[in-house]
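What the coordinates show
Each chain, written out:
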Amino acid sequence: DIVVFCNNYAMLAVYSRVIIDSIPPVLVQFLRVPHSSIWASEEFWCIAPGVIFFGLTSVRNMAELKWSSILGIATIMFAALAIVIEFGRFGYQGDYTPNDTRRVNTWAIHGTFPATLATLTVAYSYHFNAPIFYHELEDRSPRKMMQTVAISFPTIGTTYLVVAVFGYLSFGDHVADGSAGGDVINNYLNTNTLINAVRLGLFFHFACVYPVMSVCVRHSFHRFALTAIGRREEATHPDMPARVPRAVIVAEAFLIVATACAFAYFYGNIGQLIVFVGAICGATIMLTVPG
């Protein structure tokens, strides 16, 4: 529970950071909001989404997030499609000179390759939250759960592959520049209309999918707390989420969302955070925890 909690919690900080990075450029370019305005500040886009996240994290069951999850899927698919479209329109867009060796390499292994493995463990470790989803399935059975996995994993893998390939073809090794902070969208110009629409869409995406992750974090936190005070049988009971008092749910939601948003504000490089968490939590989940 501790490892899964830390892995999921770090992703909440990543989601918050993407919003902090993405929305101010949209306001400045689309709505002509001054850079110095509070509406275009990182502080505002740390706090305002946090209020929404807090409300959605306070739901009791995953089933309450059905329609927001569908919207979240649609917006991230739009982002992946936009990256493909931009490559089709402009091809390679990285800043380079004729002798720039950082353009696009067909094959290369760098010293940062192990960090890629750590990133992949984060990308594919969310399935360890499956017991929560399984318990809420109507007429649940292992076969029915595997049907959802058979659809979701190829979809997720294809989306990751499309974004990785076309992101790299668009910017080469520059895609991993520190100025991008681990977010491929940050490589595009702030004046790019389609990408600004993606940035706006990412707000709705993370507003929709954040509570799916944060509810899992809240369940893990509650189970760990019950176990720590000697109430292990209650912590492992399948109906545990339905038994938690509403006041406890609200308090846990506030603690989790507030600290995750604060962490995102003070730590800006999501690429480094993903690698760090993947090397410790993701690798533990994927390679040593029984599946």
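Residues numbered from 1 in each chain as written. Predicted model: local features only at pLDDT ≥ 70, side-chain atom pairs only at ≥ 80, totals over all residues. Heavy atoms only, no water.

**Here's the deal with the overall build of the protein chain**
Secondary structure assignment for the protein chain yields 11 helices and zero strands. When the helices and strands of the protein chain are placed in sequence order, the string is α-α-α-α-α-α-α-α-α-α-α. Burial analysis of the protein chain (291 residues in total) assigns 41% to the buried set. Within the protein chain, counting contacts between residues at least 6 apart in sequence, those at least 24 apart form 80% of the total. Summing over all exposed atoms, the protein chain offers an accessible surface of approximately 15,500 Å²; the carbon and sulfur share of this is 69%. (Helix = DSSP H or I, 4+ residues; strand = E, 2+ residues; numbered from the N terminus. Buried < 20%, exposed > 50% of the residue type's maximum accessible area, 1.4 Å probe, protein only. Contact = heavy atoms within 4.5 Å. Areas by Shrake-Rupley, 256 points an atom, 1.4 Å probe, with all protein chains shown as cover.)

**What to know about the pattern of salt bridges**
In the structure shown here, the tally under the stated rule is three salt bridges. We note a salt bridge from Glu-42 to Arg-17, for which the minimum N-O separation is 3.0 Å. Here Glu-42 is found in helix α2 (residues 42-57), whereas its partner Arg-17 is found in helix α1 (residues 2-30), with 25 residues between them in sequence. Among the ionic pairs, Arg-89 bridges to Glu-86, the shortest N-O distance being 2.8 Å. Taken together, the residues span about one helical turn, with Arg-89 and Glu-86 both in helix α3 (residues 66-90) at a distance of three residues. For Arg-89, a relative accessible area of 51% puts it in the exposed group. We classify Glu-86 as buried; its relative accessible area is 0%. One network of salt bridges, in which partners are shared, links Arg-17, Asp-21 and Glu-42. (Salt bridge = Lys/Arg side-chain N within 4 Å of Asp/Glu carboxyl O.)

**Some remarks on the confidence of the model for the protein chain**
Averaged over every residue, the pLDDT of the protein chain is 80; residues scoring 70 or more account for 87%. Within the protein chain, helix α5 (residues 130-136) has the poorest average pLDDT of any element, 69, and helix α10 (residues 246-266) the best, 89. (pLDDT = per-residue confidence, 0-100.)

**Describing the packing of α1 against α2**
Across the interface, α1 lies against α2 with an axial gap of 9 Å and an inter-helix angle of 120°. It follows from the interaxial angle that α1 and α2 lie oblique. In the packing of α1 onto α2, the handedness of the crossing is right-handed. The residues of α2 that touch α1, namely those facing Ser-16, Arg-17, Ile-19, Ile-20, Ile-23, Pro-24 and Leu-27, are Glu-42, Trp-45, Cys-46, Pro-49 and Phe-53. (Axes fitted to C-alpha atoms, helices over the stretch in contact; angles between N-to-C directions. Parallel < 35°, antiparallel > 145°, perpendicular 65-115°, else oblique. Left-handed = near helix turned anticlockwise from the far one by under 90°.)

**Some details on the side chain of Arg-17**
Exposure remark for Arg-17: the relative accessible area of 5% places this residue in the buried category. There is a polar contact of 3.0 Å between the side chain of Arg-17 and the backbone oxygen of Ala-264. Of the polar contacts made by the side chain of Arg-17, one reaches the backbone oxygen of Tyr-265; its length is 3.3 Å. (Polar contact = N/O pair within 3.5 Å; in protein donor to acceptor, adjacent residues only side chain to side chain.)

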